[in-house]
Amino acid sequence: MAGTRVGMIGAGGVAQRHARVLSGLPGVQVVGVTDVVPAAAQSLADAHGGRAFPDVEALLGSGLDAAYVCVPPFAHGDAERAVVAAGLPLFVEKPISLDWDTATEIAGLIAKSELVTAVGHHWRYLAIVEQARALLRDRPVRLVTGAWLDKVPPVSWWPHQDRSGGPVVEQAAHVLDLARHLAGEITEVTAAGNGTPPPVDGADVDGATAATLRFASGAVGTLAATCVLGWKERAGLEVYADGLALAVTETGLVVRDADGPRTVDSDPETARIAVDQAFIDAVRGDGDDVRVPYAEALRTHAVALAVAEAAATGRAVTPRTAEVSHV
Ligand SMILES: NC(=O)c1ccc[n+]([C@@H]2O[C@H](COP(=O)([O-])OP(=O)(O)OC[C@H]3O[C@@H](n4cnc5c(N)ncnc54)[C@H](O)[C@@H]3O)[C@@H](O)[C@H]2O)c1
């Protein structure tokens, strides 16, 4: 079998992780990298025996089988348009954009092209998430409580609203995606931000956000996000149904029911590998286990944007799912 040739657009932290995982998969080669910082592209290319390219066009002209877009939220758009125009399968990191219009435009292009796509919501590949879904199969969810309680990540764009979209869009999106996966679609959100940025120079994002979520099923939920700590305190989701309490994080599942509590440990690295393996398998036509294609990530993005809008305006917001039903 010929190797699968992958190109990376963006060479920062998450691109380095994907390149490491991809290089460890049988028959996959990271053959090219481009970044607006040429030295970053060169360094990542050197680490994996690939070539650095001066721009996206040159990379896409080098004979790829798939492209990864691993740029910050504000930089989405042009890279995806170019990958789709080149007819290449596309892996995109979350969040898929800062705004709604860019993401729906890309979703529309993808829908027309019928290309394989995947988005980096790797939590969906945790075995404990499957176990949680199985436990909830016969028990309607009543309540979810999600949280992302963390520091400001050490990347310069993160604490700026117009670069990252803020903590809910940028970070808590993983938890909102999990909430949708375990409890179904979210039909209305309300939220409040505390209006004070985290203690980082130049920051203008909210230091804390609290939201309420209403689900189509009748379940209700909350999301709490903060970035004012100096460490990652907790990121995860608790789910409650009649006689059942579940607590899911990347590192474990705690189940409590009439039989008492039990804990299942989880290694997040397995999900980070699985998300890349599933995409590569789909690119090769060897499998269809992409759990979050672009259109599905758009639905999570709609919820995250709705929470951000609700926090900014003080009004209840309906996530714009109706507008994405065609993609
Ligand atoms: N799924 C996950 O677990 C996970 C983990 C970490 C980061 N992420 C996401 O990945 C994205 C990137 O995060 P990061 O930590 O790698 O950031 P980073 O700042 O370390 O890297 C981003 C890279 O993109 C480059 N870049 C910016 N604009 C570009 C453009 N137009 N074309 C090409 N390159 C460009 C930058 O120079 C930088 O090297 C973020 O949206 C983040 O949320 C996801």
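The model shown is predicted, which means the values in this text are computed figures rather than measured ones.

What counts, and where the lines are drawn
Residues numbered from 1 in each chain as written. Predicted model: local features only at pLDDT ≥ 70, side-chain atom pairs only at ≥ 80, totals over all residues. Heavy atoms only, no water. Core = buried A, V, L, I, M, F, W, Y, C linked by side-chain atoms within 4.5 Å. Buried < 20%, exposed > 50% of the residue type's maximum accessible area, 1.4 Å probe, protein only. Helix = DSSP H or I, 4+ residues; strand = E, 2+ residues; numbered from the N terminus. Contact = heavy atoms within 4.5 Å. 1 Å grid on protein atoms, 1.4 Å probe; cavity = no way out; pocket = protein on both sides within 12 Å on 5 of 7 lines; lining within 4 Å. Points joined across faces, edges and corners; volume = space filled by probe spheres on them. Nonpolar A, V, L, I, M, F, W, Y, C, P; charged D, E, K, R; others polar. Pairing = 2+ DSSP bridges. Axes fitted to C-alpha atoms, helices over the stretch in contact; angles between N-to-C directions. Arc of directions from axis to C-beta.

> Can you help me understand the nonpolar core in this one?
For soluble globular proteins, the rule of thumb is that nonpolar side chains tend to be buried together. Core analysis: the biggest nonpolar cluster contains 97 residues, and Met 8, Leu 22, Leu 182 and Tyr 294 have the highest contact counts within it. With 10 residues, helix α10 (residues 294-313) is the single largest residue contributor to this core. Leaving out residues up to four positions away in the same chain, Met 8 has contacts with Ala 15, His 18, Ala 19, Leu 22, Val 30, Gly 32, Val 33, Thr 34, Leu 44, Leu 59, Tyr 68 and Cys 70. Counting residues in each nonpolar core, the second largest holds five residues, with Val 152, Trp 157, Val 205 and Cys 227 among its members.

> Is there a simple way to explain the layout of surface pockets in this structure?
Vacant regions in the atomic arrangement are exposed by a probe of water-molecule size rolled over the atoms. Empty space within the largest pocket amounts to approximately 1,200 Å³. Lining the largest pocket are 46 residues, and of these Gly 13, Val 14, Val 155, Trp 157 and Glu 170 sit closest to its centre. Those elements that provide at least two residues to the lining of the largest pocket are α1 (13-23) and α8 (167-183). The element that contributes the greatest number of residues to the lining of the largest pocket is α1, accounting for four residues. A per-class count over the lining of the largest pocket returns 24 nonpolar, 10 polar and 12 charged. If you add up the space inside the second largest pocket, you get close to 220 Å³. Around the second largest pocket sit 17 residues that line it, and Gln 161, Asp 206, Thr 209, Ala 308 and Ala 311 are the ones nearest its centre. Of the residues forming the lining of the second largest pocket, the biggest block, four residues, is contributed by α10.

> I tried to follow the pairing of strand β10 (residues 220-226) on my own but got confused; where do I start?
Remember that side chains alternate between the two faces of the sheet whenever the strand is regular. Strand direction decides the pairing type here: strand β7 (residues 141-149) and β10, joined by seven bridges, are parallel. In the strand pairing of β10, Leu 149 is matched with Thr 226. Bridge count for strand β9 (residues 208-215) against β10 is seven bridges, and the pairing is antiparallel. Bridge pairing links Thr 209 to Ala 225 in β10.

> Teacher, can you tell me more about the sheet that holds strand β2 (residues 28-34) here?
In any sheet, the strands associate via hydrogen bonds between backbone groups, in a parallel or an antiparallel arrangement. The strand order across the open sheet formed by six strands is β3-β2-β1-β4-β5-β6, and the pairing between neighbours is parallel. One side of each edge strand has no neighbouring strand; the edge strands of this open sheet are β3 (51-52) and β6 (117-119). Where strand β1 (residues 4-9) and strand β4 (residues 66-69) come together, four bridges link them in parallel fashion. By the bridge assignment, Ile 9 is partnered in β4 with Val 69. The strands touched by helix α2 (residues 38-48) within the sheet are β1, β2 and β3, with β2 carrying the most contacts at an inclination of about 165°.

> Would you mind going over the sheet that holds β7 with me for this structure?
Taken together, eight strands build an open sheet; the order of strands is β8-β9-β10-β7-β11-β12-β13-β14 and the sheet is mixed. The open sheet is flanked by β8 (186-193) and β14 (260-265), the only strands paired with a single partner. Direction aside, the axes of adjacent strands within the sheet are offset by 15° on average. Sheet contacts for α8: β7, β8, β9, β10, β11 (234-241) and β12 (244-249); angle to β7, the most-contacted strand, approximately 160°. Its contacts with the sheet put α10 on β8 and β9, and the angle it makes with β8 is roughly 40°.

> How should I be thinking about α2 in this particular structure?
Helical geometry note: an α-helix holds 3.6 residues per turn, so side chains three or four residues apart project in the same direction. Those residues of α2 that sit buried are Ala 41, Leu 44 and Ala 45. For α2, the angular spread of buried residues about the axis comes to 100°, placing them on one side. Along α2, exposed side chains directed more than 90 degrees from the buried face belong to Ala 39, Asp 46 and Ala 47. In the core, the buried residues of α2 are packed alongside β1, α1, β2 and β3. Looking at the residues trailing α2, positive phi occurs at Gly 49, about 70°.

> Would you mind going over α1 with me for this structure?
Here α1 has its buried residues at Ala 15, Arg 17, His 18, Ala 19, Val 21 and Leu 22. Looking at the packing, one finds that the buried side of α1 touches β1, β2, α2, β4, β5 (90-92) and α9 (268-284).

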